[in-house]
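Understanding the architecture of this molecule
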Amino acid sequence: MNHHRLSLDEVELQVGIAGQGETIVLVHGSWDDHSAWDAVTAILSSRWRVVAHDRRGHGGSTVPDGQGHISQDVADLHRVIGAFGQGPVHLVGHSYGACVALLYAARHPERLASLCLHEPPLFGVLGESAQHAPLARAAREAMARAAALIEAGDAARGARVFAEEVALTGQPWEDVMDARLRATWVANAATWLDQSRDPERLALSPELLANSPLPVLLTQGERSPAAFGPGVDRLAAATPRARRHVLAGAGHFPQLTHPQAFARCLGDYLQSPSSFIGTSAP
């Protein structure tokens, strides 16, 4: 990718661009940076123009002072799309990045041609039923342990706890993330800790797109942690033009473990959202 610097009022963002054609904007999740998309970008950029930035406090972007908030990430994304979008864009978000993309789509639908979300952690819905209460409790307790470890100065163990107890399903993080990406997670631990104190980030309404005309693709991994499913189910039920697709054998990080299947799914959808035939939820 060719890298650019975008200077905003309080932060500088690193933005990567590859390929030509209609623009796809990729938004990475918590802990990592835009390089988590590298394998998917290499495939998609043969047909599309791919834009991927490091969110504030991650990778090559600067770390601003003060409490982080998801609305700041949405505002940053608006500036990235304004600077590099070249018309309505296809927006793709992963995990927390999918929450950012979801909120952006609700606020700025006119800037988008389509929306693709992989497992936004809408954990707020878990507390709404007795059935999902154990999932809510387990996620809450694991994130609290991760935060406590980071606060105590052990970012590496905090990152491992989050990866293995929140984002993965019974796998060591070494099985999914290479050494460089694990180091990135550790380096970005302080940013995650800061953003973990934002009460809105995991409490977005699944009904945000209930009146939206946007075509929406919701993807899930066949082997993803159960905590992600209820929020995606609610989002799908409330979104008029939502299509769903389950990535066989994948988990919460298909861009790392199954990049060809993920890129193929995205490409098939973006070429013809109205005729895309996905699979049912797991």
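Re the packing of aromatic side chains
- Applying the stated criterion across every chain yields a total of ten aromatic pairs.
- Ring geometry for W37 against F262: centres 6.4 Å apart, planes inclined by 25°, an arrangement best described as stacked. With W37 in the loop between β3 (23-27) and α1 (38-44) and F262 in helix α10 (residues 259-271), this pair connects stretches of sequence that are 225 residues apart.
- A residue is classified by how much of its surface remains accessible, and W37, at 1% relative accessible area, is buried.
- Taking relative accessible area as the criterion, F262 reaches 1% and is therefore assigned buried.
- Aromatic pair W173 and W185: ring centres 6.3 Å apart, planes at 70°, arrangement edge-to-face. Of this pair, W173 sits in the loop between α5 (155-167) and α6 (179-187) while W185 is found in helix α6, placing the two residues twelve residues apart along the sequence. Take W173 and W185: they sit in the same class, and that class is buried.
- Positioned over the ring face of W48 is R47, at 4.6 Å from the centre of the ring.

Quick look at the sheet that holds strand β6 (residues 112-118)
- Here we have eight strands laid out as an open sheet, ordered β1-β2-β4-β3-β5-β6-β7-β8, and mixed in their pairing. Unpaired on one side and paired on the other, β1 (2-7) and β8 (242-247) mark the two borders of the sheet. The sheet shows a mean angle of 20° between the axes of neighbouring strands, direction not considered.
- Two strands pair when backbone bridges link them, and strand β7 (residues 216-221) and β8 are joined in this way by six bridges, in the parallel orientation. Within β8, the residue paired with L218 across the bridge is R244.

Description of α5
- Those residues of α5 that fall on the buried side of the exposure criterion are A155, G158, A159, V161, F162, A163, V166 and A167.
- Elements that come into contact with the buried residues of α5 comprise α4 (133-151), α6 and α7 (189-195).

Quick notes on empty space enclosed by the protein
- With the rule as written, the count across this model stands at one cavity of 30 Å³ or more.
- The calculated volume of the largest cavity comes to roughly 160 Å³.
- By residue number, the principal contributor to the lining of the largest cavity is α5, which donates three residues.
- Class assignment of the residues belonging to the lining of the largest cavity gives a composition of 13 nonpolar, five polar and one charged.

Here's the deal with the environment of H58
- With respect to the element layout, H58 can be found in the loop between β4 (49-53) and α2 (70-84).
- Among the residues examined, H58 registers a relative accessible area of 2% and is labelled buried.
- Through-space distance from the C-alpha of H58 to that of D33 is 5.8 Å; in sequence the pair is 25 residues apart.
- Setting aside chain neighbours within four positions, we find H58 in contact with H28, W31, D32, D33, N188, T191 and Q195.
- In this structure the side chain of H58 is engaged in a polar contact, spanning 2.9 Å, whose partner is the backbone oxygen of R56.

Overview of the pairing of β1
- As paired elements, β1 and strand β2 (residues 12-18) share six bridges and run antiparallel to each other. Bridge pairing in β2 links H3 to G16.
- Count of turn residues in the β1/β2 antiparallel hairpin: four residues.

Comments concerning the nonpolar core
- Residues V15, L77, L91, L112, L115 and L117 are the most contacted members of the largest nonpolar core, which totals 38 residues.
- Breaking this core down by element, the ones donating at least two residues are β2, β3, α2, β5 (89-94), α3 (96-107), β6, β7 and α8 (229-238).
- Here this core gets nine residues from one element, more than from any other, and that element is α3.
- For V15, the residues in contact, after removing those within four places along its chain, are N2, H3, H4, L6, V51, A52, H53, V80 and F84.
- Residues A142, M143, A146 and M177 belong to the second largest nonpolar core, which totals 31 residues.

Observations regarding the pairing of β5
- Burial of β5 is extensive: six of the six residues sit out of reach of the surface.
- By the alternation rule, side chains of β5 split into V89, L91 and G93 and H90, V92 and H94, which are all buried.
- In the sheet, β3 pairs with β5 via four bridges, with the strands oriented parallel. Looking at the pairing, V25 lines up with L91 of β5.
- Of the pairings in the sheet, the one linking β5 to β6 comprises six bridges and is parallel in character.

Definitions and limits used
Residues numbered from 1 in each chain as written. Predicted model: local features only at pLDDT ≥ 70, side-chain atom pairs only at ≥ 80, totals over all residues. Heavy atoms only, no water. Phe/Tyr/Trp six-rings, centres within 6.5 Å; stacked < 30°, edge-to-face > 60°. Helix = DSSP H or I, 4+ residues; strand = E, 2+ residues; numbered from the N terminus. Buried < 20%, exposed > 50% of the residue type's maximum accessible area, 1.4 Å probe, protein only. Lys NZ or Arg CZ within 6 Å of the ring centre and 35° of its normal. Pairing = 2+ DSSP bridges. Axes fitted to C-alpha atoms, helices over the stretch in contact; angles between N-to-C directions. Contact = heavy atoms within 4.5 Å. 1 Å grid on protein atoms, 1.4 Å probe; cavity = no way out; pocket = protein on both sides within 12 Å on 5 of 7 lines; lining within 4 Å. Points joined across faces, edges and corners; volume = space filled by probe spheres on them. Nonpolar A, V, L, I, M, F, W, Y, C, P; charged D, E, K, R; others polar. Polar contact = N/O pair within 3.5 Å; in protein donor to acceptor, adjacent residues only side chain to side chain. Core = buried A, V, L, I, M, F, W, Y, C linked by side-chain atoms within 4.5 Å.

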